[in-house]
Every structure is written in C-alpha cells, then in structure tokens.
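As a plain string of letters, each chain reads:
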Amino acid sequence: MKAVTSNPLAQDLLRRIDGSTVRSGVIGLGYVGLPLAVALARGGATVVGLDIDTRKVDAIARGVSYISDVESEEVAELVVAGRLRATSDFSALASLDTVNICVPTPLRKTKDPDVSYMVAAVERVADHLHPGMLVILESTTYPGTTEELVQPLLEATGLVAGRDFFLAFSPERVDPGNPEFNTTNVPKVVGGLTETCAALAAALYERSIDRVVTVKSTKAAEMVKLLENTFRAVNIGLVNEIAMMCDTLGIDVWEVVEAAATKPFGFMPFYPGPGLGGHCIPIDPFYLSWKAKQNGFEARFIELAGQVNGHMPQYVVSKVADALNGKRKALNGARVLVLGVAYKRDVDDLRESPALDVMKTLKEKGADVAYSDPHVPALDGSLWDSPHSLHSLELDARTLDQFDCTVIVTDHQAFDYELILAHSDCVVDARNALGHRYAPSVVRLGAPLPRPMQSPVERKASQLSATQSQVGDIQRVA
Ligand SMILES: NC(=O)c1ccc[n+]([C@@H]2O[C@H](COP(=O)([O-])OP(=O)(O)OC[C@H]3O[C@@H](n4cnc5c(N)ncnc54)[C@H](O)[C@@H]3O)[C@@H](O)[C@H]2O)c1
C-alpha cells in the first residue's frame, strides 16, 4: 500500500483499517447487507447498518436476525459488544470511514435496469461525503455504473474521487441457504477507480474475508459478476431446452445429466427446473444485455436463455395438463396443490419465483390452486395475479387426498416425499425430487412417462414391434 500511494488520507484510512478502529457503514441490510455487516464487525470494524426499512433496524436493535444465513445470537453478541448497530438516520454517514452500498437493483417491466434504489442511496452518501471516505458499491449492476453513475453523483459535492475520497466496486456472491459457503469463505473480487481505491477496499475486506482478488478496474469487477450469473442463466437455459428435447425423444434428462457429470473434465452439471428465480439469475444478465444494446451489441445468448427459461413455468403447466389427461381429467376445474413456492430449496425468498408463474397460469386455465411451503406461511394474491391470498396447507395425508394433482415446484428438504407418493395418484415433479423411485402416478419434467421394468420376453416383443414399425415407415417413404 505504501508503494501505491503517498496520499495522506489513504494512509490514515489504512491505519484505521489495520488498527481495527475503522468505522464502517453498510447501506441496505438485506440478504447481502446483513451478512456483510456481521462479517465486517467480526473483522474488527465498528459497523453501522443503514436501512430505510425500520422493521429491520428495530430487529437488529433487539439482536434478532431476519436472514436465515445469519444467527440471531451472532447479531445479539455484536450489538451488545457495541460493534454493530442499525439506524434509518443517514446523518450517521458523516462519522463513517467506509460505506458499502447493498441496495436492490431490480429490472423494470421493460427489462431495463431500475437504478432508482442505487441512486437514492448514493445521494444519501453524497449528502455526508467527507475527505478520506471509502465508498464501495456492491449491488449487482451493468459495467460502467461506478464510473458513469456513482462517481459523478459523488463528485457533484466538489470532492474528487481517487484524491479526496475513494471509490470501488465489489460484487457480492452470497448464495442464500448454502451452508457451505458464506460471506467469509467466498473469495471477494474488488475493482477500484484507482490503484489506491482498490488497495483500500481490498484492505478492508481482507480483515474479514479469506481471499480477496483485485482486478484492474471497477468495470472489470462489475463484469465479473455479470459473467458469473450469465454463465448460470445460459447453462440453465441450455439444460432446460435439452430437457424439453429429451421429453420429445423419450429420454430421461436426469439420467443423462447424471451420467454426463461422471466425466471428470470439460463438463459441469446444470439441472432443469420450472424456471429461474431469485434476485440474481433472472435479472442480472439483462443488466448486461441492456448495456450491450446501448453500445450497439446484441447479447444473443442472454436473450435466448431468457426466452427458454421464461417458458418453463408454462411447460410445467403443460405437464400438469398431460398428467391429468392421463387420469381422464381436465385442468379446467381440477384441484391442484403446488408444493414449494419459494424460488429455491430451503429458502423463504419469493422474488421472481417461477412457482408464482406456475400458479398464475394454472389459475388462468381454470384450475383451483392451493399451495404448501413450510418456509412461506402466507402468499399475497397480488404476487400471482389472484384476488385471493392463500395460506400454506399442512402437508399431510388428508390434504394430499383432496387434490387431483400435486406439483413439486420447489424441492424443500422438509417435504415428506414418501407421503406424497403414497397419497397422491397424480404427481408432476419439476425438480426430480422423487429421484429414481418408480411410480406410475409420477410425471417428471424432461422424462418419458414412467414404465415398470420389462421382463426379457416383454423387452424382445417391444423391440420387435419398434423394428416392424420402422420398416413400415421406410416402405411408405420408398
Ligand atoms: N440475494 C442474493 O442472493 C444476492 C447475491 C448477490 C448479489 N446480490 C445483489 O445485492 C444487492 C442487494 O440484494 P439483496 O438480496 O440483499 O436485496 P434485499 O432486498 O434483501 O435488501 C436490500 C435492502 O436495501 C434496503 N434499501 C432499499 N433502498 C434503500 C435506500 N435508499 N437506503 C437504504 N436502504 C435501502 C431495503 O429496505 C432492503 O432491506 C442487489 O443488487 C442484488 O442483485 C444479491
């Protein structure tokens, strides 16, 4: 660091970071911000969390965590020790040395970036910006945001980035619900406006995060996050298309992916499902395609993956219709139980959840829809365009017996899959949650209808009939 700068403001900030006297702020105490605030406090900083949501601020004051990956005891311990507090009073920024911005970056209906939360947060920082302050943007955003949007808003104060204050971008990579990886053991990528900005941000993170990887610019750091999430979105799109293809060809996609995954190099398994969900994968790639379009570049993979993944909820509904059809029942008027409405296993997050689209489409086709999700006790009607709000049903034999079809949309571990098999005579499994269990009642996404194991004699007979029909086809063509 000393080699990088002779700037006394930077040297003073570095001394505070190294001496654990640094006062850090985190704006936005959600899935990303609260774990980060806790990690920074654990690393020696005195942390102030700033959020416009007073319920979150009050919860932290009481030592209560509302994020499943953060234990309440940990929050309470840090609050009691005076290392963590939360407030909605942004004047607290005036006394902070560093601030990380972790506010939402959703899309508008038109799939254009909605930067309003980010702008509002940066304007609050600008109100209290002072010499020597380090500002780090963590919200996922398009390449160029830090330089083109954040820097001018902060420099409107008359202070100059890289000289009077320091500016960096560092993407968050939290994976909610993943017990193996957390804020501390996932490497943190950092890009600074200048080398000094990057070095200061890296120094801050190094106190609490195992490994920090510095890239040459804020733009590169912004692009890293978008590459990671575009990679996921495109590969999920590919395997979803392969799943629909396998369905047409009478092949079990789950068996194919499992077998392909035994290749020790050059292949990484992705699994099909009911569509993308959460705050990242369905959204972030469109930040990139929007920016690319601004520069006359068409991001074809992103658009195509978006189309394929966006179609999956309808595909699931078509499987429900097929399954009911097999029972001589129509979707219109059928009672359908959706299992799992959170966007992924074992979390309570409903953002962009494909289950909501599945429910909406089922309702539009005349089905009578209910749901069960141990992580989501109630579901507001507005989330799936329904005049009715719903409560999660207890998943027991009595409930299952009442429905014409059960659809597994999210494979929570808490579900009793044996019970589902025993008490539902029509199941659509969009996640392969039932695995390789044979049951004539189960229709799996991306797999042919179930068939019991054939005896050698039956196998010979069906091969013979397939050969005869192919010969017939060839003769007809000839
Ligand atoms: N959730 C994830 O898995 C994840 C992973 C990596 C990156 N990200 C990115 O991190 C960012 C934050 O996501 P999140 O999931 O933590 O969102 P979140 O909705 O859980 O939390 C955001 C918080 O910001 C607060 N907020 C909004 N505007 C504010 C303002 N002007 N001032 C202060 N607080 C404000 C909200 O009240 C909320 O508590 C997004 O850009 C997201 O794309 C999220």
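All of these numbers come straight from a predicted model, not from anything done at the bench.

Caption draft 1: Representation of the sheet that holds strand β15 (residues 442–444) within the structure. The strand order β10-β9-β13-β14-β15 describes an open sheet built from five strands, whose pairing is parallel. Of all strands in the sheet, those with a lone pairing partner are β10 (368–372) and β15, marking the two edges. Averaged over all pairs of adjacent strands, the angle between their axes in this sheet comes to 20 degrees, without regard to strand direction. The pairing of strand β9 (residues 335–339) with strand β13 (residues 405–408) spans four bridges and is classified as parallel.

Caption draft 2: Here's a closer look at the packing of helix α8 (residues 218–249) against helix α11 (residues 300–326). Orientation of α8 relative to α11, taken along the N-to-C sense of each, is 45 degrees, at an axis distance of 8 Å. Between α8 and α11, the angle is such that the two are oblique. Considering the relative orientation of α8 and α11, their crossing is left-handed. Contact residues: α8 offers Thr230, Ala233, Val234, Ile236, Gly237, Asn240, Glu241, Ala243, Met244 and Asp247, while α11 offers Phe301, Ile302, Ala305, Val308, Asn309, His311, Met312, Tyr315 and Lys319. Its residues assigned to classes, the contact of α8 with α11 shows eleven nonpolar, five polar and three charged.

Caption draft 3: Representation of helix α10 (residues 284–294) within the structure. Counting buried residues in α10 gives eight out of eleven residues, a clear majority hidden from the surface. Asp284, Pro285, Phe286, Tyr287, Leu288, Ser289, Lys291 and Ala292 are the residues of α10 that are buried. Those residues of α10 that are buried lie in contact with α6 (145–155), α8 and α11. Positive backbone phi, approximately 75 degrees, marks Gly296, located one or two places after α10.

Caption draft 4: Fine view of the site of the ligand. In the region of the ligand, 28 residues are neighbours, and Val32, Asp51, Lys56, Thr105 and Thr140 sit closest. The separation between an oxygen atom of the ligand and a polar main-chain atom of Tyr31 is 3.1 Å. Backbone polar atom of Val32 to an oxygen atom of the ligand: 2.9 Å apart, as the coordinates give it. Contact with the protein chains covers 92% of the free accessible surface of the ligand, which is 830 Å². Ranked by residue count, the leading element in the shell around the ligand is helix α5 (residues 116–128), at three residues. When the residues that make up the shell around the ligand are grouped by side-chain class, the tally is 16 nonpolar, six polar and six charged.

Caption draft 5: Quick peek at the sheet that holds strand β2 (residues 46–50). Judged by pairing direction, the sheet is mixed, and its eight strands sit side by side in the order β3-β2-β1-β4-β5-β6-β7-β8 without closing on themselves. Edge positions in the sheet fall to β3 (84–87) and β8 (212–215), since each of these pairs with one other strand and no more. Between one strand and the next, the sheet's axes are offset by a mean angle of 25 degrees, whatever the strand orientation. The pairing of strand β4 (residues 98–101) with strand β5 (residues 134–137) spans four bridges and is classified as parallel. When the sheet's bridge partners are listed, Ile101 is paired in β5 with Leu137. The strands that α6 touches are β5 and β6 (166–169); relative to β6, the one it contacts most, it runs at about 150 degrees.

Parameters at a glance
Residues numbered from 1 in each chain as written. Predicted model: local features only at pLDDT ≥ 70, side-chain atom pairs only at ≥ 80, totals over all residues. Heavy atoms only, no water. Pairing = 2+ DSSP bridges. Helix = DSSP H or I, 4+ residues; strand = E, 2+ residues; numbered from the N terminus. Axes fitted to C-alpha atoms, helices over the stretch in contact; angles between N-to-C directions. Parallel < 35°, antiparallel > 145°, perpendicular 65-115°, else oblique. Left-handed = near helix turned anticlockwise from the far one by under 90°. Contact = heavy atoms within 4.5 Å. Nonpolar A, V, L, I, M, F, W, Y, C, P; charged D, E, K, R; others polar. Buried < 20%, exposed > 50% of the residue type's maximum accessible area, 1.4 Å probe, protein only. Near = heavy atom within 4 Å. Polar contact = N/O pair within 3.5 Å; in protein donor to acceptor, adjacent residues only side chain to side chain. Areas by Shrake-Rupley, 256 points an atom, 1.4 Å probe, with all protein chains shown as cover.

Any functional reading would require information beyond the geometric quantities listed.
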